[in-house]
Amino acid sequence: MPHATYLNVKDLKAETDAFKEEKMRQVYMDHGSASPVDARVIEAMMPYFDKEIGNPSSLHSAGRKARRELEAARGHVADLVDAPGPKSIIFTSGATESNNLALRGAAMRYKDKGNHIITTSVEHMSVMNPLKDLQKSGFEITHIPVDRDGLVSAEQIKNTITDKTILISVMYANGEVGTVQPIKEIGEIASDKKILFHVDGTAAVGKVPVNVEDEHIDLLSISSNDMGGPKGAGALYIKQGVRIMPFMLGGGQEFGMRSGSENIPFIVGMGKAAELARKEMVDEGAHLIRLRDRLIDNLLKIEYSYLTGHRTKRLPNNASFRFSFIEGESIILQLNDMGITASTGSACSTKTLEPSHVLIAMGLRHEEAHGSLLLTLGKSSTDEDVDHVIESVPEVVSRLRALSPLYPKK
Ligand code: PMP
């Protein structure tokens, strides 16, 4: 009896799925949402889970060893952003906490000087929401619009400053559309007017050179996972002499700015990731830009496809698009079935079916913003990965358009 006679439909499906899983090329292009931890970072972290377990506040040798590791990691993060000294780096649980600490901390500390804060309309929710909350307690928030490319105008920020302005907060780069903002220009204005300047550096630090002194940044939020370190770790750079109000009170760790026993394994991991990023950023950037530009040049050959974000003032790992007449969610589900992991935009906003506030702020209509596809590359991305995407996206787009009543059939 031939084997196939015994195979029922369920078995056949399982066999086909297993075959597909085994054979299908898997391509990960969602590094902006979550990045793999570099193997060298994992190796550096491992001893601190079970062997090197001292608390840096303890006086014994195990504690002193932990203190040395903590300070070494601080040094690596400081070096990555050209901070003048390690003491200006505070470790946190991630970029969200760093943004909250910077914004609330600065607002509370300087509230007697003024109540006006300037930001942009394309910030991440971990900036938008703390500012919304501050608004409820009497702060006035001005959201500066962006142009079609997602760029904010430094001049417009300058013209919005009043004698009540105490803080300007602008992201270094937008993770969703890749646009890099004119940070140095804004920093010079803020420094001239003696207004605190906070920068959400999450999507940029470790990918493009950031220099806090040269760019006149007073507060910089940094994420570990976005540069190949573990999730659940982050840092806030606070310029020496700038005082902000801490909100995590307790044993006074992290120079009193963020109490709680330090998460040594994760901090060691973040430090290692920063050390590697500093050494490898230039070469890695060149590799990413080449792959990014192959994606952009080839996917823009698709009819009614558009790049979102600035063409050149752009993160090396970001290729973001919109396709008319179809929905981003359908694109990523179909790509998923072809072994490609991609995104429609910020992982933090995909739970809602609302179009991205970033694309809307860039002047797109709701139906245009719904057709977004975000591809974010990482250090392990290859030309073969890009080939697979370049072959698969046109196929998915034409399949979906064939079903779309909006698509003008020829
Ligand atoms: N800011 C920006 C620009 C982001 O893209 C993100 C998300 N990666 C965050 C802040 C928040 O980061 P996390 O979720 O790691 O706290």
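Residues numbered from 1 in each chain as written. Predicted model: local features only at pLDDT ≥ 70, side-chain atom pairs only at ≥ 80, totals over all residues. Heavy atoms only, no water.

As a further point, take the site of the ligand. Near the ligand the following residues occur: A95, T96, N99, H124, S126, M171, D200, T202 and D226. For the ligand, an oxygen atom lies 3.5 Å from a polar atom in the backbone of A95. In the environment of the ligand, a nitrogen atom lies 3.2 Å from a nitrogen or oxygen atom belonging to the side chain of T202. Relative to its free-state accessible area of 400 Å², the ligand is covered by the protein chains to the extent of 76%. Sorting elements by how many residues they give to the shell around the ligand places helix α5 (residues 95-110) first, with three residues. Of the residues in the shell around the ligand, the class split is two nonpolar, five polar and two charged. (Near = heavy atom within 4 Å. Polar contact = N/O pair within 3.5 Å; in protein donor to acceptor, adjacent residues only side chain to side chain. Areas by Shrake-Rupley, 256 points an atom, 1.4 Å probe, with all protein chains shown as cover. Helix = DSSP H or I, 4+ residues; strand = E, 2+ residues; numbered from the N terminus. Nonpolar A, V, L, I, M, F, W, Y, C, P; charged D, E, K, R; others polar.)

Our focus in this paragraph is unusual backbone geometry. Even without glycine at this site, E254 takes up a positive phi of about 50°. Tracing the chain through its elements places E254 in the loop between β8 (234-238) and α9 (264-299). Overall, the relative accessible area of 5% leaves E254 in the buried class. (Buried < 20%, exposed > 50% of the residue type's maximum accessible area, 1.4 Å probe, protein only.)

What the three strands build is an open sheet, ordered β9-β10-β12; its pairing is antiparallel. Two strands in the sheet have a free side with no partner beyond their single neighbour: β9 (305-307) and β12 (372-376). Sheet twist, expressed as the average angle between the axes of neighbouring strands with direction ignored, equals 25°. Note: strand β10 (residues 318-323) against β12, five bridges, orientation antiparallel. Following the sheet pairing, R322 is matched in β12 by S372. Contacting β9, β10 and β12, α9 runs over the sheet at an angle of about 15° to β10. (Pairing = 2+ DSSP bridges. Axes fitted to C-alpha atoms, helices over the stretch in contact; angles between N-to-C directions. Contact = heavy atoms within 4.5 Å.)

Let us look at the confidence of the model for the protein chain. Model confidence for the protein chain is summarised by a mean pLDDT of 93, while 92% of its residues fall at 70 or above. Scored below 50 in pLDDT, residues 1-7 makes five contacts in the model with residues more than four places away or belonging to other chains. (pLDDT = per-residue confidence, 0-100.)

Right, let's talk about the pairing of β10 for a bit. Among the six residues that make up β10, six are buried, leaving the element largely enclosed by the rest of the structure. Residue alternation in β10 divides its side chains into two sets, N318, S320 and R322 and A319, F321 and F323, and both sets are buried. Sheet analysis places β9 next to β10, joined by three bridges and oriented antiparallel. Counted as the bridge partner of L307 is F321 from β10.

Time to look at the nonpolar core. By size, the foremost hydrophobic cluster in this structure holds 63 residues, and its most contacted members are F91, I168, Y172, F197, I217, L220 and I222. For this core, the element with the highest residue contribution is α9, accounting for nine residues. If we skip the residues at most four places from it in the chain, F91 touches L70, A73, R74, V77, G234, A235, E254, R258, I267 and M270. Counting 28 residues, the second-largest nonpolar core is a separate cluster that includes A342, L373, L377 and V397. (Core = buried A, V, L, I, M, F, W, Y, C linked by side-chain atoms within 4.5 Å.)

Where like charges cluster on the molecular surface, the negative patch consists of E155, E185, E188 and D192. Of the residues forming the negative patch, the biggest block, three residues, is contributed by helix α8 (residues 183-192). Examined against the element boundaries, D192 turns out to sit in helix α8. We classify D192 as exposed; its relative accessible area is 65%. (Patch = residues over 30% accessible without salt bridge, like charges linked within 9 Å, V, L, I, M, F, W, Y side chains within 5 Å. Salt bridge = Lys/Arg side-chain N within 4 Å of Asp/Glu carboxyl O. Lys, Arg positive; Asp, Glu negative; His and termini not counted. Charge placed at Lys NZ, Arg CZ, Asp CG, Glu CD.)

Right, let's get into the sheet that holds strand β7 (residues 219-223). Here we have seven strands laid out as an open sheet, ordered β2-β8-β7-β6-β5-β3-β4, and mixed in their pairing. Each of the sheet's edge strands pairs with one partner strand only, and the pair in question is β2 (89-92) and β4 (140-144). In this sheet, adjacent strand axes meet at a mean angle of 20° when their direction is disregarded. Across three bridges, the pairing between strand β6 (residues 196-200) and β7 is parallel. If you follow V199 over to β7, its bridge partner there is L220.

Here we come to the pattern of salt bridges. Side-chain pairs of opposite charge can arise whenever the charged atoms involved come near each other. This structure, assessed with the given rule, holds 26 salt bridges. Here R67 and E71 are joined by a salt bridge, their closest N and O atoms 3.0 Å apart. With R67 and E71 both in helix α4 (residues 61-80), this residue pair falls four residues apart, about one helical turn. Salt-bridge contacts for R322 lead to E368; the nearest nitrogen and oxygen are separated by 3.9 Å. Of this pair, R322 sits in strand β10 while E368 sits in helix α12 (residues 366-369), and the two are 46 residues apart along the sequence. With respect to burial, R322 and E368 carry one shared label: buried. Taken together, the shared-partner salt bridges connect D38, R40, E280 and K379 into one network.

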